[in-house]
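Chain and residue survey
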Amino acid sequence: MSPLSVDLPRAALTVEPKWSPVFTGESVTLKCEIESVQYSNWRYQWYKGSSSTAISQSQTNTFTITSAADQDQYWCRGERDNRPSSSQPSNPVTLTVKERPKAAVSTRHDQQVFRGETVTLRCDIQGGGVSNWQYSWFKDGSSRPVSNEQQYRISSVTESHRGKYTCRGTERGTSHSSHSSDAVTLTVSDLPRATLTVESESPVFIGESVTLKCETNTHDGWTYQWYKQDKQSGWTAVSQSVYHTVNRDTLTIRGDAVIHGDQYQCRGQRRNRPTSSQYSDSVTLTVKALPRATVTVEPKQSPVFTGESVTLKCEIESAADQGQDQYRCRGERDYRPTSSQPSNTVTVTVKALPRTTLTVEPKQSPVFTGESVTLKCEIETYSNWRYQWYKGSSSTAVSQSQTNTFTIRSAADQDQYWCRGERDYRPSSSQQSNILGFSVKAEKPKPELRTSHKGAAVMGNPVVLYCKLDQSAGWRFYWFRHSQSPENETKTETHSYTISSVSVSDGGQYWCRAGRGNPVYYTHYSDALWINVTGTIRPVSLTVSPSRAQHFITDSLTELRGTDISSLSTSHTGVYWCESESGESSNPVNITVTNGEVILESPVHPVTEGDPLTLRCLYRHTTSSNLTAEFYKDGSLLQTQTTGEMTIHTVSKSDEGLYHCKYPKIQESPKSWISDKEAPFPVLGLFSSLVAVFQYLLVTIVLVVKCYRARDLLKPTLTVESESPVFIGESVTLKCETNTHDGWTYQWYKQDKQSGWTAVSQSVYHTVNRDTLTIRGDAVIHGDQYQCRGERRNRPTSSQYSDSVTLTVKALPRATLYTVEPESPVFTGGSFTLKCEINTHDGWTFQWYKQDKQHRLTTVSQSEYHNVNGDTLTIRGDAVIHGDQHLCRGERRNRPKLSQYSNSVALPVKALPTATLTVEPKQSPVFSGESVTLKCEIETYSNWRYQWYKGSSRTAVYQSQTNTFTIRSAANQDQDQYWCRGERDNRPTSSQHSNTVTVTVKGEAKAVLSIKPDKHVFRGEAVILRCDIQWGRDSEWKYSWYKDTNTLYSSSTTQEFRFSPATESHSGKYTCSGEDIGNSGYSQTSDAVTLTVTGLARATLTVEPEAPVFSGESVTLKCEIETYSNWRYQWYKGSSRTAVYQSQTNTFTIGSAADQDQDQYWCRGERDNRPTSQLSNPFNLTVKDTSPEVSLSISPSRAQHFITDSLSLSCEGQSDSTGLRVRRYTHSEKGSDCSSGWGSVTGSTCSISSLSTSHTGVYWCESESGESSNPVNITVTNGDVILNSPVHPVTEGDPLTLHCLYRDPKTSNLTAEFYKDGSLLQTQTTGEMTIHTVSKSDDGLYHCKDPERGESPQSWISVKGLSRSGASFSVFCLLSSVMAASPYLLVSIVLALKCYRARAKPEETNRTEAATEAGESC
């Protein structure tokens, strides 16, 4: 027999994306698919270009180029460990890569456009070999496109269109995309606003002319259009006439055309962009009648007799505004004389109401939650005032008082406050005060305590403590030593506290806090600051035993001179020193006593630089075995030591600090200050010894000094060269003079309220220039005293101290800021005028400041937004921002050159009333001819006139006294955006612009018909027709239904039309239409939809293979249904109406046909919520029983064997055994006969005397005519355990016993575990397992296991149905077991199968194929 030749599996290479070319940077995925399904475990080799070396290898069949860069050909090939070890090379795939093109944006306009203009952006993409681009526009980095056209057109630009625009192209039908374009920034600006002012004085009296002026501050070349609105009509244009004179930017209205209440507007126009401005705010003319005079006569009786006196009295009806004027009268009558002479003049004086000023304590802002705030209302003149207090924008007083103060005991929320006075006599009220606002901060401040020196303080030196607080001002400061008890409290007006000459008793812990107000509001205490005081060499010293700074309570403490403390407590914590009767003191030491578990053993005295220092962490319970401790300096970890001690081998100045230690699981010690000192200089030691030995020298030296001082020293004269008084912030120069001798230099001394005299030297605050001392302004403090003393080289070497000079410092004059106009509140767009006054000195000019939320000041000067006029500041309306705070300050040439800053005034700005526009009907769009009503609602105030606007026009299309505007019959030209605004004669004169409402007008609605469940239904189904009206709003409709142009049903309020059951007569074309009940409108008729009704779908049943079917063969039933998809298949057997099986696929396979499978079969299809198909034709399945002509028997009769065992295989034929031979198939030899050498042949028997693992394989008998027995699987193992299982299938109902056999038969422990398909079945101590009645469910892979010796190979045990023949066992089920036990045989067995099938008789071919399918089902 010639050897078989089989092609290697074919590899196919595909690429994603499928289109070509790809762009640089795109991801490309190559997929290598190898066609053979029976092979697996491929590794994939990837090749590029003509190279035979793989560029990559992967376990998966995909290779991804994450960022394509260059182009070439690619191909792939599979490799594996078993045969076949490789596939064929795949087809090549050419990857073409092109540079990704970039989109470019162009525009026909400037990137800055004005609201209402049209903007067109165009996206162009060059290169890339693509012409069919789909364009996408993006705004401000959004991922959602705003347009998909090449040209993006914005017809009426608004502020919402402002932003950065980019575009990008995507090739249609692919995910190819270009680079995004560079961003184009579109800036949308308001049109310049025209400003209209009245140049004539106000008010205008009847008969006077009025001149209006229109100005536009940006661009040039403007001409102006003028508009007028009276009470009877809307806005009308005003042009040159006898009543109106137009002169470029002014309009003069003749006196007889000036009418009270008429409104005027203007708008600019020019040739270039912008071609127009916004409309100005309207100006309403206020025309006042001339004052009326009334004449009375005394005496009232008539007639008057000759010689009598007659008095005529002329009364004018109203007084003028503030100021004074003169009046006279004249009489007139109908008869002669017709008039009198003019009367004498009378002066009428009108005086303003008293001015009110509101101040606040504390003056500084912010205040803190819980702090007391006092408001003070001062009225300049008169008495007996009652005070009204107001908060926020409310006009209702929150409180009334007889006194001029109002106290908020515990500040909680912030707002603006103002006040006003009332009294029983004239004037009965004052003016409204200025408005004051203060902010409230929730968190109580905490000061920081600092000191002027580093390290320990030296006795006798000054020490300055600073209590730093960043929050506002106005604080007093409170100082505490040793504890935070009030009895230890010291108070200062400044933030510093000076100890002029520090002593031992001054050492210890210090705290500070600040307070202000009445009652006092206190800050938090500062963190504690430790002051350690050390001295130079002293004649007295203190020794402590035990010599450490920290001690446990109940410890004892001894001072070597006899002072003992037998049992310490925490109250003993403090500073200790020795003191002699003569007042000499030792250096102080700090002793800390703790109730804790841990202390730090540290020295009580300073450590000398260069010496070693050892610190120990002591634990109260000394028996602790774990000594690991952490050592800290100034809060930072230095070392962790397991011995409980830390050594600094050479102490330096940098080692000074606060030390403590910590046992991680116990506790930490208190903190102790460790200081160092310089190594002593020998001269000091010498001096000490001299003093000790020759103490009498001290008295002598003192006497000599006293004798010298007994002579009168010269006394210098100290004068103040600066003018008096000194104002806060000014510098002061002192001069010290001594009239005799020369060569003097001078020492300066200062004494403040908190401390004694301290020396003053050159510093940032003090400048010493021979005989003068200049004190910088911020160091000049009221009440501070200064002295001087002279020094020189020759005798006398010093002078006496001068007399002291006390500095007198006066506060700068205070500026007061208040509001001049308008009344509160200011509405958005209104201007605001402030006035600054200083009551002392003259010649002031004023600086103006604006304060932000962080209380930072910025200077306000003359600009387009601010008009500075002497002592007033007017802020233009568009620069007035709610809550902005302003201050002022005076400046002058002479002293004082500056004033204090004024109180701050917050601008109370109120938004114009909100207008809300609504539309009826609310649904959009509306039908042509429908009525549309717009309604403008304004939230506050009354007497509004309503302006109605359409589109982008700033000219009202209509004005009404009511708040509705009705479009009677909507048409296409009415389709636009609408908005409204209110106007009135009093403040506020206008509302805000309302929201915009879009009115969309459409033609007829469109009806759309749909059919459920489908357009093609089966007889008996229910059919639902549904009519949907495509319309952009909710409406109530009636529906009509039509079939083949005939009316089925009309004017139904239900949207669906149903008929059931459907018959063929219902087939036809259906349409529907709608009628709008509320608006009497009709939709268009829907497009026709065809309904087809047919009988149930026909099912056809076929079978493979064709009859007859033999026992053990695989049978496949196939159910084909002529129409539709998504069927589920029901399979029926015999006369039962209950399905024996249901499947998603249309096939049903009987894996191994047996007698019990003989019957009639038929099928039917089912679908969700739809009728079933018809029943299929029936099929009668007949199973014939047959036995193979040849059989194989094995001795010993089991599937598994040990190596070196012997094996006998015998062939038997039904008639004769002549010509039979034993064949096998193994991995190494493929198909071969026993006579080829692996066994010895005797007749039809093959004997193997000594088995080896190479004998594992499939064995069968074969006749000369080609007939074969059923194959058997033989497994030979080198292990210690095998399973004794049958080589042939077991018949259903028979018993089955499995044995676990061992290579060593003498073993005494027979316990074995039996497994099926990898799962434990039983554990038996006898080494065998019995299945008493075998069933089909017992098919499977079996093996056994000894816990000590190991486990056997696996063998497949097959169960066959009851039959006269054992030939029903499928060779493919056997092959399955072989695959499970020996996977490497897969390729060999397939080749053997092909060889076997190639020899099969033609009429057996179909049966062999069926057997193949049966094998797959196993």
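It is worth spelling out the overall build of the protein chain at this point. Assigned secondary structure in the protein chain consists of five helices and 132 strands. A buried classification covers 41% of the 1418 residues belonging to the protein chain. Expressed as a percentage of contacts within the protein chain between residues at least 6 apart in sequence, the contacts between residues at least 24 apart total 61%. By element, 47% of the accessible surface of the protein chain is carried by carbon and sulfur atoms, the whole surface being about 77,200 Å².

The next subject is the state of the cysteines. If you walk through the whole model with that rule in mind, you get 14 disulfides. In this model, Cys-467 is linked to Cys-512 through a disulfide, with the two sulfur atoms separated by 2.1 Å. In this structure, the disulfide formed by Cys-467 and Cys-512 twists by about 80° around the S-S bond and is classed as right-handed. In this pair, Cys-467 sits in strand S42 (residues 463-468) while Cys-512 sits in strand S46 (residues 508-516), placing the two residues 45 residues apart along the sequence.

Turning our eyes to something else, we now look at the side chain of Ser-802. Position of Ser-802 relative to the elements: it lies in the loop between strand S74 (798-801) and strand S75 (805-806). The contact partners of Ser-802, leaving out residues within four places of it in the chain, are Lys-715, Pro-716, Leu-718, Gln-787 and Cys-788.

Taken as a whole and judged by the stated rule, the model has 57 salt bridges. One salt bridge connects Glu-371 with Arg-516, and the closest N-O pair in it is separated by 2.4 Å. Taken together, the positions of Glu-371 in the loop between strand S32 (367-368) and strand S33 (373-379) and Arg-516 in strand S46 put the pair 145 residues apart, joining distant regions of the chain. Taken individually, Glu-371 and Arg-516 each receive the classification buried, so the pair is uniform in this respect. Residue Asp-527 is joined to Lys-446 by a salt bridge in which the shortest nitrogen-to-oxygen separation is 2.8 Å. Taken as a pair, Asp-527 in the loop between strand S47 (521-522) and strand S48 (529-531) and Lys-446 in the loop between strand S39 (440-441) and strand S40 (448-451) lie far apart in primary sequence, 81 residues in all. Overall, the relative accessible area of 53% leaves Asp-527 in the exposed class. On the basis of relative accessible area, Lys-446 is assigned to the partly exposed category, the value being 46%.

Next up on the list: the sheet that holds strand S15 (residues 163-171). Overall, mixed pairing links the four strands, which are arranged S11-S16-S15-S13 in an open sheet. Each of the sheet's edge strands pairs with one partner strand only, and the pair in question is strand S11 (112-114) and strand S13 (133-139). Between one strand axis and the next, the sheet turns by 30° as a mean value, whatever way the strands run. Taken together, the seven bridges between S13 and S15 define a ladder with antiparallel strand orientation. Pairing of Lys-139 across the sheet is with Tyr-165, part of S15.

We now examine the pairing of strand S73 (residues 785-791). Two faces make up the sheet, and in a regular strand the side chains alternate between them. Among the seven residues of S73, five are classified as buried, and the element is accordingly described as predominantly covered. Pairing geometry for strand S69 (residues 745-751) and S73, over seven bridges, is antiparallel. Bridge assignment links Tyr-749 to a residue of S73, and that residue is Gln-787. Two strands pair when backbone bridges link them, and S73 and S75 are joined in this way by two bridges, in the antiparallel orientation. Bridged to Tyr-786 within S75 is Val-805. Two successive antiparallel strands, S73 and S74, enclose a turn made up of six residues.

Summing up the model confidence of the protein chain, the mean pLDDT is 82 and the portion of residues at 70 or higher is 88%. Counting interchain partners and residues more than four positions distant, the pLDDT-below-50 stretch residues 1363-1418 has 96 contacts.

What follows is about the sheet that holds strand S92 (residues 964-967). The strand order across the open sheet built from three strands is S87-S89-S92, with neighbouring strands paired in antiparallel fashion. Here the strands that pair on one side only, and so sit at the sheet edges, are strand S87 (915-920) and S92. Ignoring which end each strand starts from, the neighbouring axes of this sheet average 15° apart. Of the strand pairs in this sheet, S87 and strand S89 (residues 932-938) are connected by six bridges, and their pairing is antiparallel. Paired with Val-919 across the bridge in S89 is Leu-934.

Here the focus is the side chain of Thr-356. Structurally, Thr-356 can be placed in strand S31 (residues 356-361). Only 2.8 Å separates the side chain of Thr-356 from the side chain of Ser-430, close enough to count as a polar contact. A polar contact of 2.9 Å, which involves the side chain of Thr-356, links it to the backbone oxygen of Gln-431. Excluding residues within four positions of it along the chain, Thr-356 makes contact with Cys-377, Glu-378, Ile-379, Cys-419, Ser-430, Gln-431, Gln-432, Ser-433 and Asn-434.

Thresholds applied
Residues numbered from 1 in each chain as written. Predicted model: local features only at pLDDT ≥ 70, side-chain atom pairs only at ≥ 80, totals over all residues. Heavy atoms only, no water. Helix = DSSP H or I, 4+ residues; strand = E, 2+ residues; numbered from the N terminus. Buried < 20%, exposed > 50% of the residue type's maximum accessible area, 1.4 Å probe, protein only. Contact = heavy atoms within 4.5 Å. Areas by Shrake-Rupley, 256 points an atom, 1.4 Å probe, with all protein chains shown as cover. Disulfide = S-S within 2.5 Å. Salt bridge = Lys/Arg side-chain N within 4 Å of Asp/Glu carboxyl O. Pairing = 2+ DSSP bridges. Axes fitted to C-alpha atoms, helices over the stretch in contact; angles between N-to-C directions. pLDDT = per-residue confidence, 0-100. Polar contact = N/O pair within 3.5 Å; in protein donor to acceptor, adjacent residues only side chain to side chain.

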